[in-house]
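Below are the chains, spelled out letter by letter.
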Amino acid sequence: MEKLRSSRKRAKKKHLQGTDCTTTTSVANKLQKICETGFLIQSEDPEVKDYDRADDCDAALNDTAFCESDHENDCSDSNAQSIVSTSKSKSSFTLHVEHELSKQDVDRLLRKKWKYRWEVPAFDTSSKWIGTGESFLQDVNAASAYGLKLRLYKHWLDVCKTSGCVDFNSSKQRLFFSLCNSYRDILHHAKKAFYIKGSVEDSNLVDAYVMHALNHILRSGDLVKKNDARLGKHEDTAKEEVLTNDSYLDHGFTRPKVLMLLPLASIALRVVKRLIQLTPPANKVNVEHLDRFYNEFGNEVEGTVDRNELLNSNLDPHNSKTEKSSKPLDFDVLFGGNNNDAFMIGVKFTRKSIKLYNDFYSSDLIVASPLGLFKKLELAEKEKEKDVDYLSSIEILVIDHADVISMQNWSYVNEIVEHLNCLPSNQHGTDIMRIRKWYLDGHAQFYRQTIILSSYLTPDINALFNHHCVNYEGKIKLSCQYKGILPKVIPGMRQIYKRFDSDSITEADDARFQFFKEKVFSKIKEDSDQGGIMLFISSYHDYLRLRQFMRSENASHCLLGEYGRQSDISTARRQFFEGKSKMILYTERAHFYHRYKIRGVQNLIIYALPERKEFYQEIVNMLEGSVNMTCTVLFSRFDQFQLERIVGSAAAKRMLSSDKDVFVVC
């Protein structure tokens, strides 16, 4: 890494001596060769070099067309003139990428200690944004187009007006865009997903991060084209200018700058369609492979089931076709489209077109599911000729619907994040002498912005945000006060909450299991005639543990897990209903993917509270019609996130701090 940091300085000295060299196959070898001979490597890859097509080169010679101040010529009204005047100051993009970190800054970031110093109201009265560093929202200026390139800003205004937006300046999408444009890491863990509360708020958030991604991509491309044009005017001295002027440092190791991780193809369809809609008309004269994209990511109705269409239909809102669905409406909407969870697509922007299914190395944006990208990581480990170097220069990471991803496999996300901003194994046609210093210094992770959007917060999501998001700009996250969902439980239900102690989060699973054996299962074992017991389990690890325990105790039980065959599941449900199996083990993931209505439940034990608060009422309400109408809930102080979403923040605080360890809710 020391060679990487000093290569450009050494290259300057060698260049003045007029020496040459040949290239080798890896970035490290090429930089070492540069250190020895001072050869300026030029891109030989036409895809990497072609930020726009050849017929756009003449336009690139006009510096004002690509300047950072967005000094564009289509401004007709007075407001636009004011925006042009204000935009002569440096944009958030420029300030972000030009910032230089000191050794003390890096040491501080590596300590991963964050102090939230300010707060501002969020979208509703029960939540607020809190952030590190200095508050910036009061300095956001509409006269500067909120930091957007002018052509993007004007197009966004037109799109909003068409959709009926009355006051763009105070709209939710504009407010969230200002957060994104701060280039700070963002954790929004209380979004109202389109499949639960309608698409309005969800669409606002999508609009904001899509516009931020577009702004970043276009500013990055325009800066490269501007510098290419400047160097093109002085070809005889171009090499010396690059070596002596840091303003020409405008490259990463590879071209892709934005990565969006989404759980399902149907959701990717929504996001990419919106990306195309929000791209200015001049930049999408042609959208390549659009039909193929709709065919592969859509279904017969070209995407997900529209909730509003279902609600406004004369048919039952659960009925998306002709047969009445037995599932909740949010299930039908979420899983009503293409449920492929292993996809990956590259998107490239040129001056007049958008290229879908582009080669990853020449793409600006990669849209992928965690599983789809994880398969690429596995392939790269098995086959030496494969690599994932296109992840080396990701500057904006968006993880949307993180709650759905957590129901798939969150470990894929952790693995992907660990592979971001690593030193590439090959050059991939990049002009090494124009790579930014902070890439060569190994500091790219400190410049990467991570935006996480979820309907709720989990320990895994929280850990990723706290330990793997080390952006030097700082952090912003949502702080919420929950009312709880207990009123949605059927009247007369007796809910007994039992708290167990655990010294640390690493010991919580063992403590929960021990408490269950001694305080819960022992009573079940004593009453040999008791049946109709459903054991609801949130974690698959806990499910495997309890399955093994039941077998060791020769307990009468059946299994309803997420990996069971349909025939086995049907048999288990029938045996439980008929009393042939006294207990049934049911996982949260199985409920997420199938939303079964279990018949015959007489006694409910919630081994661990569900992550999705809606599931609590659905599971507890399965006791309707039972004799005792009683459920038992196990929890510890490490279940705070789940507990406060269900019983409310105030009640959760009391239950976690009280000297008592048993609480009854009727």
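Going by the structure above, here's the rest.
Residues numbered from 1 in each chain as written. Predicted model: local features only at pLDDT ≥ 70, side-chain atom pairs only at ≥ 80, totals over all residues. Heavy atoms only, no water.

### Things to note about the nonpolar core
Ranked by size, the top nonpolar core spans 96 residues in total, and within it F176, Y209 and M260 carry the most contacts. At eleven residues, helix 11 (residues 200–232) tops the list of elements feeding residues into this core. M260 has contacts with Y209, V210, A213, V271, L365, I366, V367, A368 and V398, leaving out every residue within four places of it along the chain. Ranked by size, the runner-up nonpolar core spans 37 residues in total, among them F576, L604, L609 and M622. (Core = buried A, V, L, I, M, F, W, Y, C linked by side-chain atoms within 4.5 Å. Buried < 20%, exposed > 50% of the residue type's maximum accessible area, 1.4 Å probe, protein only. Helix = DSSP H or I, 4+ residues; strand = E, 2+ residues; numbered from the N terminus. Contact = heavy atoms within 4.5 Å.)

### A short note on the packing of aromatic side chains
Each aromatic ring pair is specified by the distance between its two centres and by the angle formed by the two planes. Applying the stated criterion to the full structure yields 34 aromatic pairs. Arranged with centres 5.3 Å apart and planes meeting at 90 degrees, the rings of F194 and Y195 form a pair that is edge-to-face. Residues F194 and Y195 agree in their burial class; the two are buried. Aromatic side chains F635 and F663 sit 6.3 Å apart centroid to centroid with 45 degrees between the ring planes, which places their arrangement in the tilted category. You can see F635 sitting in strand 17 (residues 630–635) and its partner F663 sitting in strand 18 (residues 662–665), a full 28 residues away along the chain. Accessibility assignment for this pair places F635 and F663 in one class, buried. (Phe/Tyr/Trp six-rings, centres within 6.5 Å; stacked < 30°, edge-to-face > 60°.)

### Thoughts on the environment of N181
Positionally, N181 belongs in helix 9 (residues 172–181). The exposure class of N181 is buried, given its relative accessible area of 7%. Leave out the neighbours within four places in its chain, and N181 touches S92, Y146, G147, H212 and N215. Within polar-contact distance, the side chain of N181 engages the side chain of S92 at 3.2 Å. (Polar contact = N/O pair within 3.5 Å; in protein donor to acceptor, adjacent residues only side chain to side chain.)

### Topic: unusual backbone geometry
Unlike most non-glycine residues, H428 shows phi in positive territory, near 60 degrees. With respect to the secondary-structure elements, H428 resides in the loop between helix 19 (410–418) and helix 20 (437–440). Phi at N554 takes a positive value of approximately 55 degrees, unusual for a residue other than glycine. Relative to the helices and strands, N554 is located in the loop between helix 23 (540–552) and strand 14 (557–560).

### Considerations on the environment of R637
Relative to the elements of secondary structure, R637 occurs in the loop between strand 17 and helix 27 (640–647). As for R637 and L656, which are separated by 19 residues in sequence, their C-alpha atoms are 5.8 Å apart. Setting aside residues no more than four positions away along its own chain, R637 makes contact with S502, D503, S504 and L656. Here the side chain of R637 touches D503 through a polar contact of 3.1 Å, landing on its backbone oxygen.

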